[in-house]
Amino acid sequence: MTKTSVPITVFARTTSSLAHTYQVIVPIDLAQVFKPWGPLPGVAEVRDQTGTWNRPGTSRQTWFTDGSNVDERLTEIAEGHGFAYELSGFTNVLAKPPVGSARPSSVSRWG
């Protein structure tokens, strides 16, 4: 079986420094950012987080507004620049395929 992933990019401009932006994004409340949109559920809450979301190996379970959930594990941190995480165990339509996905996130300066 081949694992596939779907790239997702979120883009926004800010006048804040990279370091400040990183400090805001990493611990952000997912329920405040990911609202239901069309057929896609929003994030309702995060449960069972094993520590602060700034160390590889930290995990949590994200629950969606449709009652489904996914396991999330932080895999990499590049302090002040970005992070990568893995999603697995989807309990909704995303359960097949993909089986799981790894997604790096970064805070970058363009200009």
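Preceding this section is the structure that the text describes.
## Examining a nonpolar patch on the surface
Among the surface-exposed residues, Val24, Ile25, Ile28, Val33 and Phe34 lie close enough to one another that they form a single nonpolar patch of about 370 Å² accessible area. By secondary structure assignment, the location of Phe34 is in the loop between α2 (30–33) and β1 (43–47). Residue classification places Phe34 among the partly exposed residues on the basis of a relative accessible area of 43%.

## Some points on the nonpolar core
Side chains that are nonpolar tend, in soluble globular proteins, to be buried together. Grouped together as the largest cluster of nonpolar side chains are 13 residues, with contacts concentrated most on Trp53, Phe83 and Tyr85. In terms of residue count, the dominant contributor to this core is strand β4 (residues 82–88) (three residues). For Trp53, the contacting residues outside a window of four places in its chain are Val26, Thr58, Ser59, Arg60, Glu72, Arg73, Leu74, Phe83 and Tyr85.

## Examining the pattern of salt bridges
Applying the stated criterion across every chain yields a total of three salt bridges. The residue Glu45 makes a salt bridge to Arg47 at a minimum N-O spacing of 2.9 Å. Residue Glu45 is classed as partly exposed on the basis of its relative accessible area, which comes to 35%. Where Arg73 meets Glu86, a salt bridge forms, and the shortest distance between an N and an O atom there is 3.5 Å. Highlighted residues: Arg73 in strand β3 (residues 69–78) and Glu86 in strand β4, separated in sequence by 13 residues. Taking relative accessible area as the criterion, Arg73 reaches 36% and is therefore assigned partly exposed. The partly exposed category is assigned to Glu86, whose relative accessible area is 30%.

## Looking at the side chain of Arg60
With respect to the helices, strands and loops of the structure, Arg60 is situated in strand β2 (residues 59–64). Separated by 3.5 Å, the side chains of Arg60 and Gln49 make a polar contact. Excluding its chain neighbours within four sequence positions, the residues that come into contact with Arg60 are Leu30, Val46, Arg47, Asp48, Gln49, Trp53, Val70, Asp71 and Glu72.

## Description of the pairing of β2
Across the six residues that make up β2, a large majority, five, are buried. Summarising the sheet, β1 and β2 pair through four bridges and their orientation is antiparallel. Each residue of the ladder has a partner; that of Val46, found in β2, is Thr62. Two strands pair when backbone bridges link them, and β2 and β3 are joined in this way by five bridges, in the antiparallel orientation. The residue bridging Ser59 from the neighbouring strand is Arg73, located in β3.

About the cut-offs
- Residues numbered from 1 in each chain as written.
- Predicted model: local features only at pLDDT ≥ 70, side-chain atom pairs only at ≥ 80, totals over all residues.
- Heavy atoms only, no water.
- Patch = residues over 30% accessible without salt bridge, like charges linked within 9 Å, V, L, I, M, F, W, Y side chains within 5 Å.
- Areas by Shrake-Rupley, 256 points an atom, 1.4 Å probe, with all protein chains shown as cover.
- Salt bridge = Lys/Arg side-chain N within 4 Å of Asp/Glu carboxyl O.
- Helix = DSSP H or I, 4+ residues; strand = E, 2+ residues; numbered from the N terminus.
- Buried < 20%, exposed > 50% of the residue type's maximum accessible area, 1.4 Å probe, protein only.
- Core = buried A, V, L, I, M, F, W, Y, C linked by side-chain atoms within 4.5 Å.
- Contact = heavy atoms within 4.5 Å.
- Polar contact = N/O pair within 3.5 Å; in protein donor to acceptor, adjacent residues only side chain to side chain.
- Pairing = 2+ DSSP bridges.

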